[in-house]
Amino acid sequence: MTEATGRARLLYWAGVALGPLAWGINLQGVYVLAHFSCESARMSGTILSAALTIVALLGSAISARAVRRGAGAEWTDAQGGGPRTFMAWVGVGNGVLFALAIANQLAASLMISPCLR
Amino acid sequence: MSMAAEPNELRDDVLNGLQLSTQLERVWRTPSGLFGALMSVDHKVVGRRYIVTAFAFLLLGGVLAILMRVQLAGPEKTFLSADKYNQIFTMHGSTMMFLFAVPVMEAFAVYLVPLMVGTRNIAFPRLNAFSYWMFLFGGCFLWISFLFNVGPDVGWFAYVPLSNLQFTPTKRADVWAQMITFTEVAALAVSVEIVVTVFKLRAPGMTLDRIPLFVWAMLVTSFLVMFAMPSIMVASTSLILDRLVNTRFYDPSSGGHPLLWQHLFWFFGHPEVYIIFIPGTGMVSAILATFARRPVIGYPVIILSLIATGFLSFGLWVHHMFVTGLPQLGAGLFTASSMLIAVPSGLQIFCWLATLWDGRPVYRTPLLFVIGFIVIFVLGGLSGVMVASVPIDTQVHDTYFVVAHFHYVLIGGAVFPLLGAVYYWLPKITGRMLSERLGRWNFWLAFVGFNIAFFPMHILGLIGMPRRVYTYTAEMDWAHLNLLSSGGALLFALSFALLLVNVIYSLRKGELAGDNPWSASTLEWATTSPPPPQGFDRIPVVKHRDPLWADGESLPVVAGLSVERREVLLTSLAEAEPQIREASPEPSIWPLLTAVATTVFFIGSIFTPWAVLWGTPPMAVTLIGWFWPTGSKEDEE
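Residues numbered from 1 in each chain as written. Chains lettered and ligands numbered in written order. Predicted model: local features only at pLDDT ≥ 70, side-chain atom pairs only at ≥ 80, totals over all residues.

S.K.: Help me out: how do you make sense of the overall build of chain B in this one?
M.R.: For chain B, the count of helices and strands is 19 helices and 4 strands. The C-alpha atoms of chain B give 25 Å as radius of gyration, which agrees with the globular expectation for 637 residues (26 Å, within 12%). Counting the 637 residues in chain B, one finds 54% classified as buried. For chain B, contacts bridging at least 24 residues in sequence account for 81% of all contacts bridging at least 6. (Helix = DSSP H or I, 4+ residues; strand = E, 2+ residues; numbered from the N terminus. Rg over C-alpha atoms; globule rule 2.2 N^0.38 Å. Buried ≥ 20, exposed ≤ 12 C-beta atoms within 10 Å, placed from the backbone. Contact = placed C-beta atoms within 7 Å.)

Below, the structure written as C-alpha cells:
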C-alpha cells in the first residue's frame, strides 16, 4: 500500500471519527467552561460549539467526497463487499448526526445563562 | 503469530464427509468427565453455562421483585422489615444489572458470534473460560453474603456518604463493591474476546458491510464495556480503599467529594443501559429479517445508529444528577444529548417497521416478542425524553415515574428481545424446538403482565410516591394502583414460569430442530443443531450479506486448516481476506484455578489490606501455570 493510498483510505473514515470526536470535545469543553464562563468569557462555549459543528460537518464532507471519488462502484447494497465505501456512507451520516447533537448543545448555551445554578 | 507450514500435517483438504467430521470432533471436543468439563474452553460450552447461570440469577432477582411487590401490595404491610426491604431492593437491582442483564447478552454473544462469523472458536478461549468462572464466583459471593444477612443495602448505585464506613459500618457495602469488581473483570474479558473475534476471525469474504447486525451490535457493545466499566472499577475500588484504609476520595472534609462518586458511577451507569439495550437491538434485527422473510431495510442506517448510540451514550450521564446543584448550562448540555439519542434509536425503529411493512411476516413466537419490544420500548423512550428535561426530571426524580421509565426501557428494550432470542436460537443450541403454543401464552402473559405491573407506576410517581420506601400509609391513596401493579407482577412472573416449563418440556420431548428450522440467512444456521465442537467442518466463504439465502445449499468453503490440532483462520479487518492460520488453545484447568486464586484475593481484600500481599502470589502461580509452555503444537510458533 502506497502512502497516498493509505491517506485516501483514512479519508473514508473521517466522518466516523470526526463527528464523535467534535461532539466529545464540545460536551467536555462547554461543561468545563460552564463553571468559569459566568465571570468571564461568556461567549466561549458558544464559539466552541459553533466551531465544532463545522468540524463534524467537515467529517461528513470528507467522507462524501471519498464516496464520490470513485468508491461508489465497489459497493452494491444488497450484497455488501465494499467496506470502505460503506464506512464512508456511515461517516457521512455520523458527521451530520453529531453536528445536530452539537448544534442542539449550542442552542442550550445560547438560551441558558452560564450564571444559573 | 503464524504457524509454520508442516509438509506432513494432515489438513482438511484431503479429508471429506464423515471422516473429516470425526477427525475434527476428536481434536476440538471437550475432554470427558468432571475434570474435562472444568477444563473446557469451547465457546459453546462456556456460552451455555453463561446463559444458564444468568437465567438462574434472573430467577433469583425475580423472586426478590415478587417479595417487594407483596410488601407494597397494600399500605402498612409488615411482610418485610425496612432493613430486609433495603437489602432486597439493592440485591434485586444489583442482580438484574450485574448478574443477569449484561452477562446474559454476553453469554449469547459468546455462543453465537463465533458461529455467525464462521470460525471454530472464540478468540482467547481460555480467557473466556476464566471470565465465566469469575462471573459465577462473583454472583455466588453476592448471594451467599445475602443469605448470611450481609447483603448490600445501599442501592444498586451505592451512593456515598450512605455507603461510607460512617453510615454503613458492616461489610454490606464492601460486598457490593467487590461483586462489581468480579463481574466487571468478567465483562471486560468477554468484550476483548468479542472485539478480536469480530475483527480477526471472520470467515473470508465477510467484509465489514456483510457482518450480521447482531454481531455489529455486540461489537459496539464490547467497546462500550471496555470504555465504561473501568470507571466503575475505579469507583468501587476507591470506595473499598476509603472504607478499609481510610483514604478520603469521597470525604469533603479532606478534599474529597461525594459528587465524584456520582460522576464515576453514572459515567459507567448510563452506558450500562446501552450495554444492555444494544445487544437487544441486534437480536431484534436478526429475528425480524428471518420472520419478515427479507433483509432488514437500511443496513447502513442501522450500523450508523449503533455507532452513534454507542458514542452518545457516554454523553448522558449527568441527567442522573440534575438535582445535585450543577450549573444549569451544564445540565442543559446533557438534556440536549439525552434528547438527541432518541434520533438513532428512532431511525432503527423506522427501519424495523419498514422491514415488517415490506416483508411477508410470519407471526411465530420470536416475532411476537419483537413486536412487544417495539411497543414497550417506544413507550419507555417517550418517558425517557420526558425525564431528559430538567424541569420534569426535577419533579419526578426519585419517584415511581422513574422506576416505570427504566423498567419500560430495560425490560422492553432488552428482556423482550432476549425472550424472542431464546425462542429463536434455543433450537440451534439444544437441537429441539420450543412449543409454539406455550410460547404464545408466554408472550401474551408477559406483555399483559408487564404493562399491568409497570404502567401504574407512572401514575404513582406523578402523584408523589417516592422510590425505595418499604411501606406507605393508607391516607396516601396509593393502595389501589400498588395492588394492581403487584397483580401484574405476578402475571409477569407466571410468564417466566411458563418459559421454564417450555424449555424443560422441549429438552425432553421437543420436536427435532434440524439445521435451519426458520430458514434464516446467517451462518450459525449452516451447521448442525446443536453444532459440533468444531463449529464447521470447513470454514465458509461469504459472498453476500445473507449467505444462506444467496448461496443456499452450496455454501462455498475454504480448505487447508489442520485436522491434527486446533487451528483457526485469521482474516483482515475490513476486507476479511485470509491472512494466516493460528493455533487455538487446548482445554486447560488453569483458567479455573486462576479464577479461584483471584476470588480469594478479591474477597480477602475487603477484610484486610494484607490480602494484596498474600493474595497475589497464588494468582501469579496460576498465571504462570496458564502460560507455561507445554511442548504442545500450539507453542511451536
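There is more to say, and it comes next.
S.K.: Where do I start with the overall build of chain A in this structure?
M.R.: Counting secondary structure elements, chain A contains 4 helices and 0 strands. Secondary structure of chain A in N-to-C order comes out as α-α-α-α. Counting across all 117 residues of chain A, residues that qualify as buried make up 50%. Within chain A, counting contacts between residues at least 6 apart in sequence, those at least 24 apart form 78% of the total.

S.K.: Is there a simple way to think about the nonpolar core in this case?
M.R.: What tends to happen in soluble globular proteins is that the nonpolar side chains get buried as a cluster. Residues and elements named next belong to chain B. Residues A101, V104 and V215 are the most contacted members of the largest nonpolar core, which totals 223 residues. When residues of this core are assigned to their parent elements, the largest contribution, 22 residues, is made by helix α4 (residues 82-116). When near neighbours in sequence (up to four residues on either side) are disregarded, V104 contacts I51, A54, F55 and L418. (Core = buried A, V, L, I, M, F, W, Y, C linked by C-beta atoms within 7 Å.)

S.K.: In this structure, what is going on with the packing of helix α12 (residues 365-387) of chain B against helix α15 (residues 436-462) of chain B? I would like to understand it.
M.R.: Helix packing for two helices is described by the angle between their axes and how far apart those axes are. Residues and elements named next belong to chain B. One can describe the packing of α12 onto α15 by two numbers: an axis separation of 9 Å at closest approach and a directional angle of 10 degrees. The orientation of α12 with respect to α15, classified from their angle, is roughly parallel. For the pair α12 and α15, contact is made by T365, L368, F369, G372, I376 and S383 and by E436, G439, R440, F443, F447, F450 and H458, respectively. Looking at the contact of α12 with α15 residue by residue, the classes come out as 6 nonpolar, 5 polar and 2 charged. (Axes fitted to C-alpha atoms, helices over the stretch in contact; angles between N-to-C directions. Parallel < 35°, antiparallel > 145°, perpendicular 65-115°, else oblique. Nonpolar A, V, L, I, M, F, W, Y, C, P; charged D, E, K, R; others polar.)

S.K.: Where do I start with the interface of chain B and chain A in this structure?
M.R.: Interface size is commonly expressed as the accessible surface area that is lost when the partners come together. With 29 residues of chain B at the interface, the matching set in chain A holds 32 residues. For the side of chain B that touches chain A, the element with the most residues is helix α10 (residues 328-340) of chain B, which contributes 9 residues. In terms of residue class, the side of chain B that touches chain A is built from 16 nonpolar, 9 polar and 4 charged.

S.K.: How do you make sense of the pairing of strand β3 (residues 567-571) of chain B when you look at a structure like this?
M.R.: As a general feature of sheets, a regular strand has side chains that alternate between the two faces. Residue and element names in this part refer to chain B. Here β3 lies mainly inside the structure; 4 of its 5 residues are buried. Bridge analysis of β3 against strand β4 (residues 578-583) gives 5 bridges, and the strand direction is antiparallel. Residue pairing in the sheet places V568 in a bridge with E582 of β4. Counting the residues between successive antiparallel strands, the hairpin from β3 to β4 contains 6 residues, one of them, A576, with a positive phi of roughly 55 degrees. (Pairing = 2+ DSSP bridges.)

S.K.: Mind showing me how you'd approach the packing of helix α9 (residues 299-312) of chain B against helix α11 (residues 342-358) of chain B here?
M.R.: Residue and element names in this part refer to chain B. Direction vectors running N to C along α9 and α11 enclose 155 degrees, while the axes themselves pass 8 Å from each other. One way to sum up the angle between α9 and α11 is to call them roughly antiparallel. Between α9 and α11 lies a crossing of left-handed hand. Residues V301, I302, S305, A308 and T309 of α9 touch α11, and the partners they reach there are P344, S345, L347, Q348 and C351. (Left-handed = near helix turned anticlockwise from the far one by under 90°.)

S.K.: Just checking my understanding: could you explain the confidence of the model for chain B for this structure?
M.R.: The predicted coordinates should not be examined in detail at positions where pLDDT is low. When pLDDT is averaged along chain B, the result is 93; 98% of the residues meet or exceed 70. Here the predicted complex carries an ipTM of 0.88, next to a pTM of 0.94. (pLDDT = per-residue confidence, 0-100.)

S.K.: Help me out: how do you make sense of the environment of I88(B) in this one?
M.R.: Residue and element names in this part refer to chain B. Checked against the element boundaries, I88 lands in helix α4. Looking at I88, the number of C-beta atoms within 10 Å reads 21, which means it is buried. The spacing of I88 and I589 is 501 residues in sequence and 36 Å in space, taken between C-alpha atoms. Aside from chain neighbours lying at most four places away, what touches I88 is L64, L67, M68 and L80.

S.K.: Would you explain the environment of A559(B) in this entry?
M.R.: Residues and elements named next belong to chain B. Relative to the elements of secondary structure, A559 occurs in the loop between β2 (557-558) and β3. Looking at A559, the number of C-beta atoms within 10 Å reads 14, which means it is partly exposed. Each C-alpha atom of the pair A559 and D13 lies 5.2 Å from the other, and the pair is 546 residues apart in sequence. With sequence-adjacent residues up to four places away left out, A559 is seen in contact with D12, D13 and R538.

S.K.: What's the story with the environment of L329(B) in this structure? I'm lost.
M.R.: Following the sequence through the fold, L329(B) ends up in helix α10. Taking the C-alpha atoms as reference points, L329(B) and V41(B), separated by 288 residues in sequence, lie 51 Å from one another. The residues contacting L329(B), other than those within four sequence positions of it, are A34(A), A108(A), S109(A), I112(A), P114(A) and L116(A).

S.K.: Which parts of the structure should I look at to understand the confidence of the model for chain A?
M.R.: Averaged over all residues, the pLDDT of chain A equals 80, while 77% of them reach at least 70. Confidence, expressed as mean pLDDT per element, reaches its minimum in chain A at helix α1 (residues 3-12) of chain A with 64 and its maximum at helix α4 (residues 83-111) of chain A with 89.

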